[in-house]
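Fold and contact review
The chain contents come next:
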Amino acid sequence: MFSYARTIALRQPLIGARSFSAVLTSVPAGPPDAIIGLTDAYNSSTAPHKVNVGVGAYRDDSGKPYVLPVVKEAEARVVEKGLNKEYAGIAGIAGFVDRSLEFAYGKSSDALKSSRVKGVQTLSGTGGLRVWGEFWKKFGGDGILLPDPSWGNHTPIFKNSGLDVGTYRYFDYKNSKLNIDGMLEDLSKASPTCVLLHACAHNPTGCDPDMGQWKAVSDVIKEAGHYTFFDCAYQGFASGDAEKDAASIRMFVDEGHDMALVQSYSKNFGLYGERVGCLSVVGSDVENAANIVSQLKICIRPNYSNPPVHGARIVEEVLSDAKLEQEFRDQCKDMSERIILMRSLLRSTLEGLGSTKSWDHITSQIGMFCFSGLSAEQVDRLKVEFDIFCTRDGRISMAGVTQSNVEHLAASIHEVTK
Ligand SMILES: Cc1ncc(COP(=O)(O)O)c(C=O)c1O
């Protein structure tokens, strides 16, 4: 029979301390999160010209956080309905999940019509990745392959899920472009595993395969016997067109892959703090998809029990109404166009200042980030000498660039790259 006292007694000699309070007083301080820590540093700077291009959150042209007008309208409608605050259930709001699947896979998707695609609402993209990691460890395998480089949180998410994290080549650091040959070679040589792909607007490089290259990736994944797991955090942000940005996902479905997908509504709907996401699978048949979802729910229940309702209701409201959906598409396009404009402005200002370096990649990369090629030392100089805050891998969040800070940013980059 379980005895609490006995468990304590057994553990004490192992940790070699007299009491647990003594153990906890020696807990060391953890290092600050690389990205959140940057925002803290930015907030404590008193320099009037400080610039935060670290965090991946959209800012309007005056540098302010932005709530999409369509989100405000949908939110008002949701409030107007006077709904109760009951639990949504482990898998979240069914209407939200249905709209979410249509958004990613396409309203006319055959797989969707055949009910082979099923999903659960998640705590945004991060929560969906974590649930998948745990599910994969239980039913898939011991490892996962990520692109090199990838979003900084991917590795800890999957390590905390108990997986061994490996990488495949993705970026040609020397020429600042996609290393498609390296990617295909690494995927073809790897033993069958789960392969994470960024569906669009790869974070941090801003480089995506073109459709021909996606087809080659799909072929290699099939031949090598891998399982595809798409992370889609920027649908609508890459090109300004949410349909176009889902092309990789839809092509893989058409190519017959059984696969999984995690969607985030943080960036495209600007619902960062509401934590709205969806994790779905394309199963071999209806029963298989339903079985997988039943197991995802078993991973979720002892974790956070069920997801929050408010943000998901907003997305459901927008995607269930043709007028609101069109407004969303227009407003998402406006955000993406402002970012594209800032790319050209940053590049032309650098060139105008006489920088002899090649800055082509600023405009050829897409999505929220520019993988600038700046070294960690140059990034440190930007921070110390010019009050510009970005991650030490040289990733610049283009969403934080505005008409009023672009000159200071360009002049500072020019100064540290001379
Ligand atoms: C590639 C990628 N995946 C997932 C996420 C998760 O974001 P969230 O948890 O806010 O949905 C991010 C956020 O930056 C990301 O860049």
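Everything here concerns the structure above.
Residues numbered from 1 in each chain as written. Predicted model: local features only at pLDDT ≥ 70, side-chain atom pairs only at ≥ 80, totals over all residues. Heavy atoms only, no water.

1. Observations regarding the site of the ligand
Quick note on the threshold: Think of it this way: one heavy atom of a residue within 4 Å of a molecule or strand is enough to make that residue near it. A 3.5 Å cut-off defines polar contacts: any pair of N or O atoms within that distance qualifies, except that in protein one atom must be a possible hydrogen donor and the other a possible acceptor, and neighbouring residues in sequence count only when both atoms are side-chain atoms. Surface exposure here means Shrake-Rupley accessible area, sampled with a 1.4 Å probe, where a residue is shielded only by the protein chains that are shown. Only DSSP runs of H or I with at least four residues qualify as helices, and only runs of E with at least two residues qualify as strands; both kinds are numbered from the N terminus onward. Three classes are used, and their members are as follows: Ala, Val, Leu, Ile, Met, Phe, Trp, Tyr, Cys and Pro are nonpolar, Asp, Glu, Lys and Arg are charged, and the others, Gly among them, are polar.
Looking at the ligand, there are 13 residues lining it, with Ser124, Thr126, Asn203, Asp231 and Ser264 nearest. Take lysine 267: an N or O atom from its side chain is 3.0 Å from an oxygen atom of the ligand. Out of a free accessible area of 400 Å², the ligand has 92% covered by protein chains. Element by element, the count of residues in the shell around the ligand is highest for helix α7 (residues 124-139), at 3 residues. Class assignment of the residues belonging to the shell around the ligand gives a composition of 3 nonpolar, 7 polar and 3 charged.

2. Comments concerning the sheet that holds strand β9 (residues 259-264)
Inclusion rule: Two strands form a pair only when DSSP identifies at least two bridges running between them. To define axes, lines are fitted to C-alpha atoms, for helices over the stretch in contact only, and angles between the resulting N-to-C directions are given on a 0 to 180 degree scale. The contact rule is simple, with two residues in contact once any of their heavy atoms fall within 4.5 Å.
Strand order in the open sheet formed by 7 strands is β2-β10-β9-β8-β7-β3-β4, and the pairing between neighbours is mixed. Two strands lie at the open edges of the sheet, namely β2 (117-123) and β4 (164-169), each paired on one side alone. For this sheet, the mean angle separating the axes of adjacent strands, direction not counted, is 25°. Both β2 and strand β10 (residues 276-282) contribute to a ladder of 7 bridges, which runs antiparallel. Bridge assignment links glutamine 121 to a residue of β10, and that residue is cysteine 278. Its contacts with the sheet put helix α10 (residues 211-224) on β7 (194-198) and β8 (227-232), and the angle it makes with β7 is roughly 170°. Strands in contact with helix α12 (residues 247-254) are β7, β8, β9 and β10; relative to β8, the strand with the most contacts, it is inclined by about 160°.

3. A look at the environment of valine 309
Along the chain, valine 309 turns up in the loop between α13 (286-300) and α14 (310-319). Residues valine 309 and lysine 85, 224 residues apart in the sequence, show an inter-C-alpha distance of 7.8 Å. Beyond its immediate stretch of four places on either side in the chain, valine 309 contacts Glu86, Ala88 and Ile93.

4. Remarks on helix α15 (residues 322-352)
What counts, and what does not: Any helix carries an expected span of 1.5 Å times its number of residues minus one.
Over its 31 residues, α15 runs 44 Å from end to end, which matches the ideal 45 Å to within 8%, given 1.5 Å per residue. In this structure aspartate 321 caps α15, since a side-chain oxygen of it lies 2.9 Å from the backbone nitrogen of lysine 323. A positive phi of about 95° marks glycine 354, the residue just after α15.

5. Side note on the nonpolar core
Heads up, the condition is: To form a nonpolar core, buried Ala, Val, Leu, Ile, Met, Phe, Trp, Tyr and Cys residues must be joined to one another through side-chain atoms within 4.5 Å. Summary of the burial criterion: residues with accessible area below 20% of their type's maximum are buried, those above 50% are exposed, and those between are partly exposed, where the area comes from a 1.4 Å probe applied to protein chains only. The domain boundaries here were taken from an automatic or database domain assignment.
Counting residues in each nonpolar core, the largest one holds 90 residues, and the members touching the most others are Tyr105, Leu197 and Val217. The element best represented in this core is α15, accounting for 8 residues. The residues that make up this core include at least three from each of domain 1 (33-66 + 335-417) and domain 2 (87-320). Excluding residues that lie within four positions of it along the chain, tyrosine 105 makes contacts with Leu112, Val117, Ile249, Arg250, Val253, Met259, Leu261, Ser280 and Val282. Leu146, Leu196, Val281 and Ile300 belong to the second largest nonpolar core, which has 27 residues in total.

6. Concerning the packing of aromatic side chains
As a reminder, the rule being used: Stacked, tilted and edge-to-face are the three classes applied to pairs of Phe, Tyr and Trp rings, where Trp contributes its six-membered ring and a pair requires centres within 6.5 Å; stacked means planes under 30 degrees apart, edge-to-face means over 60, and tilted covers the rest.
In the structure shown here, the tally under the stated rule is 24 aromatic pairs. A centroid spacing of 6.0 Å and a plane angle of 35° characterise the contact between phenylalanine 103 and tyrosine 265, whose relative ring orientation is tilted. Separated by 162 residues along the polypeptide, phenylalanine 103 in helix α5 (residues 94-105) and tyrosine 265 in the loop between β9 and β10 bring together distant segments of the chain. Taken individually, phenylalanine 103 and tyrosine 265 each receive the classification buried, so the pair is uniform in this respect.

7. A look at the pairing of β8
Here is the rule: Seen with its strands pointing away from the viewer, a crossover is right-handed if its path from the first strand over the helix to the second goes clockwise.
Of all the 6 residues making up β8, 6 are buried; the element is thus mostly covered by neighbouring parts of the structure. The two faces of β8 match: Tyr227, Phe229 and Asp231 on one face and Thr228, Phe230 and Cys232 on the other face are all buried. Here 5 bridges tie β7 to β8, and the two strands are oriented parallel to one another. Counterpart to valine 195 in the pairing with β8 is threonine 228. Following the backbone out of β7, through α10 and into the adjacent parallel β8, one traces a crossover that is right-handed. Here β8 pairs with β9 via 5 bridges, running parallel. Among the inter-strand pairings, cysteine 232 is bridged to a residue of β9, identified as glutamine 263.

8. Topic: unusual backbone geometry
Of the consecutive residues aspartate 148 and proline 149, the connecting peptide bond is found in the cis state with omega at 5°. Locating proline 149 in the fold gives a position in the loop between β3 (143-148) and α8 (154-160). Cis geometry is adopted by the peptide bond preceding proline 204, which originates at asparagine 203 and carries an omega value of 20°. Structurally, proline 204 is set in the loop between β7 and α10. We note that arginine 275 has phi near 60°; this positive angle belongs to a residue other than glycine. Within the secondary structure, arginine 275 is located in the loop between β9 and β10. In the Ramachandran plot, aspartate 387 falls in the positive-phi region, its phi being about 60° despite a non-glycine side chain. As for its position among the elements, aspartate 387 is in the loop between α17 (376-386) and β12 (388-389).

9. A few points about the pattern of salt bridges
Charged atoms that come close allow side chains of opposite charge to pair. Stated precisely, the cut-off is as follows: Throughout this description, the term salt bridge denotes a Lys or Arg side-chain nitrogen within 4 Å of a carboxyl oxygen of Asp or Glu.
Within the structure shown, the criterion is met by 26 salt bridges. Here arginine 250 ties to glutamate 243 by a salt bridge, and the two come within 2.7 Å at their closest N and O atoms. Looking at glutamate 243, the relative accessible area reads 33%, which means it is partly exposed. Linked through salt bridges whose partners overlap, the residues forming this network are Glu73, Arg77, Lys81, Glu317, Asp321, Lys323 and Glu327.

10. Quick look at α7
Helix length check: α7, at 16 residues, gives a terminal C-alpha distance of 23 Å against a target of 22 Å (1.5 Å per residue), a fit within 8%. Among the residues of α7, Ser124, Gly125, Gly127, Gly128, Leu129, Val131, Trp132, Gly133, Phe135 and Trp136 are the ones counted as buried.

11. Structural notes on the packing of α17 against helix α18 (residues 406-417)
Applicable threshold: Roughly parallel means an angle under 35 degrees; roughly antiparallel means over 145; roughly perpendicular covers 65 to 115; every other angle is labelled oblique. Two helices cross in a left-handed way if the nearer one is turned anticlockwise from the farther one by less than a right angle. They cross in a right-handed way if the turn is clockwise.
Orientation of α17 relative to α18, taken along the N-to-C sense of each, is 125°, at an axis distance of 10 Å. One element, α17, and the other, α18, form an angle in the oblique class. At the point where α17 passes α18, the crossing takes the right-handed sense. Packed against α17, whose contacting residues are Gln378, Arg381, Leu382 and Phe386, the element α18 presents His408, Ser412, Ile413, Glu415, Val416 and Thr417 at the interface. The residue inventory of the contact of α17 with α18, partitioned by class, reads 4 nonpolar, 4 polar and 2 charged.

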